[in-house]
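# Working through the structure, step by step
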Amino acid sequence: GGDGRSLILGETMISRRAAPLLGRSVLRGHVACLATKSEPAPPMVYIKGEEMTRYTMDLIIKKWIDPHFDTGGWEYFDLSCKNRDDTEDKCLFDAVAAGARIGAIFKEPTVTPTAIQKELLGLKKTWGSPNGAMRRGWNGITISRDTIHIEGMELGYKKPVLFERHAVGGEYGAGFKAGIGKGKVVTVHLGADGDATIVDQRDLSDDNNAVVTYHNPIDNVTDLAHHFFARCLVADGGKGVVPYVVTKKTVFKWQEGFWVAMKEVFDAHYKDKYLAKGLLETVGGELPHLISDAATMQIIRWTGGGFGMAAHNYDGDMLTDEVAQVHRSPGFINSVLIGKKANGEIIKEYEASHGTVADMDAARLRGEETSLNPLGMVEAISTPHTRTHTHTHTHTHT
């Protein structure tokens, strides 16, 4: 900033070079396709967050959405820490229920308060992650995070990179107890029939231990596989990209089930289609598996793009952050949670892949100049109105 080469959206600045490109590729392709205020936006749940991204979305709605759409059919929910505290989290439960009913959701980044934020904001408790509640409430299958490409702008990857992150299980749903002393820990599964199975038992010899328990659901990996392989097959303008399944199953033996489920779906429903397109020529004609350690290196090396990866919840979170860094900014990555209603209909929740950008918000409140890439949020707010949300999509704008 400060060199006169920026476009100001309120107090948020976009580089002069990027602004016309964003305008041509995003606004022309999304918002400007409905030119009159009388055009109603489809029903949607709008979840408001806080900090810098809430401020930026207020500007985007005012300047880029309201002039073109009638949003009277949207249902709004405020998931700021203060409102969650004031309503005893009723606002979150109501938002999840509305999302399950409507099936299309836009979500601003939200804050999961820390102990320090609890004191600063005067909260009753450190409320849990709203994302976890949404993924459970919408029967989350996967979080699709893909690179966004803009004609005329050179970014990190030349071709699209697609990613599926298992939306449930793993460390994010863990139960734990800290400060456990010496003794024995026994993990027992009680079946629906009442039968007990010892899952694990171990002796603790330290005076201070943290004991953690979590599980990885496997049933919905089949749905994740269909979603992933169908998307990779038609990505990059129909040419397709090479799909990789990422695990650490060589060491974490419990991850074998994820790989087995993915491969069974691929071999039965997609292998012949990929072979016909020549997408498996560089990987030996079979569905390739990558150890997560290797995936971290290849994400940096494969800047030509043209690949997809599917991984467990935590690995997917970390690896998509790495993809974002290679692709220049988390603002050039989208994020779509795919869930399923009880009747089988798909639920999609659109958001940016980044957080609330708290440090920038603090600078803004101090009166300092700020510069934020809003493309991930623009993509998220506009996609439900211009594409069906019953199947997959690519994000290369032309």
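In what follows, the structure referred to is the one given above.
Scoring rules and cut-offs
- Residues numbered from 1 in each chain as written.
- Predicted model: local features only at pLDDT ≥ 70, side-chain atom pairs only at ≥ 80, totals over all residues.
- Heavy atoms only, no water.
- Phe/Tyr/Trp six-rings, centres within 6.5 Å; stacked < 30°, edge-to-face > 60°.
- Buried < 20%, exposed > 50% of the residue type's maximum accessible area, 1.4 Å probe, protein only.
- Lys NZ or Arg CZ within 6 Å of the ring centre and 35° of its normal.
- Helix = DSSP H or I, 4+ residues; strand = E, 2+ residues; numbered from the N terminus.
- Expected span 1.5 Å × (residues − 1).
- Axes fitted to C-alpha atoms, helices over the stretch in contact; angles between N-to-C directions.
- Parallel < 35°, antiparallel > 145°, perpendicular 65-115°, else oblique.
- Left-handed = near helix turned anticlockwise from the far one by under 90°.
- Contact = heavy atoms within 4.5 Å.
- Nonpolar A, V, L, I, M, F, W, Y, C, P; charged D, E, K, R; others polar.
- Polar contact = N/O pair within 3.5 Å; in protein donor to acceptor, adjacent residues only side chain to side chain.
- Disulfide = S-S within 2.5 Å.
- Salt bridge = Lys/Arg side-chain N within 4 Å of Asp/Glu carboxyl O.
- Pairing = 2+ DSSP bridges.

Across all of its chains, the model carries 13 aromatic pairs by this definition. For the ring pair W74 and Y76, a centre distance of 6.2 Å and an interplane angle of 55° mean the geometry is tilted. Looking at Y76, the relative accessible area reads 43%, which means it is partly exposed. Here the aromatic cluster, defined as three or more aromatic residues joined through ring pairs, consists of F228, F229, F266, Y270 and Y274. When the ring centre of W127 is taken as origin, the NZ or CZ atom of K125, which lies over that ring, is 4.7 Å away. Sitting over the ring of Y55, R364 keeps its end group 3.9 Å from the ring centre.

The subject of this paragraph is helix α7 (residues 221-234). In a regular helix each residue adds 1.5 Å, so 14 residues correspond to 20 Å; α7 covers 20 Å between its end C-alpha atoms and thus fits that length. For α7, the tally of buried residues reaches ten of 14 residues, placing the bulk of the element in the interior. Looking only at α7, the buried set comprises V221, L224, A225, H227, F228, F229, A230, R231, C232 and L233. Taken from the residues just after α7, D236 is the one with a positive phi, measuring 55°.

Bringing the packing of α7 against helix α8 (residues 256-269) into the picture now. Contact geometry of α7 with α8 gives a least axis separation of 9 Å together with a crossing angle of 50°. Considered as vectors, α7 and α8 are oriented oblique to each other. Like other packed secondary-structure pairs, α7 and α8 cross with a definite hand, here right-handed. Facing α7, whose interface residues are V221, T222, L224, A225, H226, F228 and F229, α8 presents F258, A261, M262, V265, F266 and H269. Split by residue class, the contact of α7 with α8 holds ten nonpolar, three polar and no charged.

The topology assignment puts T247 in strand β13 (residues 242-247). Judged by its relative accessible area of 0%, T247 is buried. Linking T247 and S292, residues 45 residues apart in sequence, is a C-alpha distance of 5.4 Å. Excluding anything up to four places from it in sequence, T247 contacts Q255, F258, H289, L290, I291, S292 and H312. A distance of 2.6 Å separates a polar atom in the side chain of T247 from a polar atom in the side chain of H289.

With that out of the way, let us pick up the state of the cysteines. Under the definition given, this model contains zero disulfides. Note on C81: no disulfide assigned, nearest cysteine sulfur contributed by C91 at a separation of 10.0 Å.

Turning to its location among the elements, M318 is positioned in helix α11 (residues 313-326). M318 gets classed as partly exposed once you look at its relative accessible area, which sits at 37%. Residues M318 and T296, spaced 22 residues apart in sequence, show a C-alpha to C-alpha distance of 9.1 Å.

Inspection of the entire model under this criterion finds 27 salt bridges. A salt bridge links R231 to E164; the shortest N-O distance between them is 2.7 Å. Of the two residues, R231 sits in helix α7 while E164 sits in strand β8 (residues 161-166), which places them 67 residues apart along the sequence. For the pair formed by R231 and E164, the shared burial category is buried. Salt-bridge contacts for D200 lead to R202; the nearest nitrogen and oxygen are separated by 2.8 Å. One salt-bridge network, in which partners are shared between bridges, spans K263, D267, K271 and E286.

Once that is clear, we can look at the side chain of E108. With respect to the secondary-structure elements, E108 resides in the loop between β5 (104-107) and α5 (115-121). Separated by 2.6 Å, the side chains of E108 and Y46 make a polar contact. Sequence-distant contacts of E108, defined by excluding residues within four places in its chain, comprise Y46, I47, K48, G49, E50, R54 and M57.

Moving on, we get to the sheet that holds β5. Pairing is mixed across the open sheet formed by ten strands, whose spatial order is β4-β3-β5-β17-β16-β6-β8-β15-β13-β14. With partners counted over all chains shown, the strands left at the sheet margins are β4 (74-78) and β14 (289-291), one partner each. Looking at each pair of strands side by side, their axes are set apart by 20° on average, direction ignored. Note that strand β16 (residues 334-340) and strand β17 (residues 346-352) share seven bridges and pair antiparallel. Bridge pairing in β17 places N334 opposite A352. This element, helix α6 (residues 130-137), spans β3 (44-48), β5, β6 (142-146), β8, β16 and β17 of the sheet and lies at about 170° to β5. Here α8 sits on the sheet in contact with β8, β13, β14 and β15 (307-311), set at roughly 160° to β13.

In this section: the side chain of T356. Take T356: it is sitting in the loop between β17 and α12 (358-365). Its relative accessible area of 9% is what places T356 among the buried residues. Reaching out from T356, the side chain makes a polar contact with the side chain of E51 at a distance of 2.4 Å. With sequence-adjacent residues up to four places away left out, T356 is seen in contact with E50, E51, M52, T53, P109, T110 and V111.

Take it as geometry only, folks, not as evidence of what the structure does.
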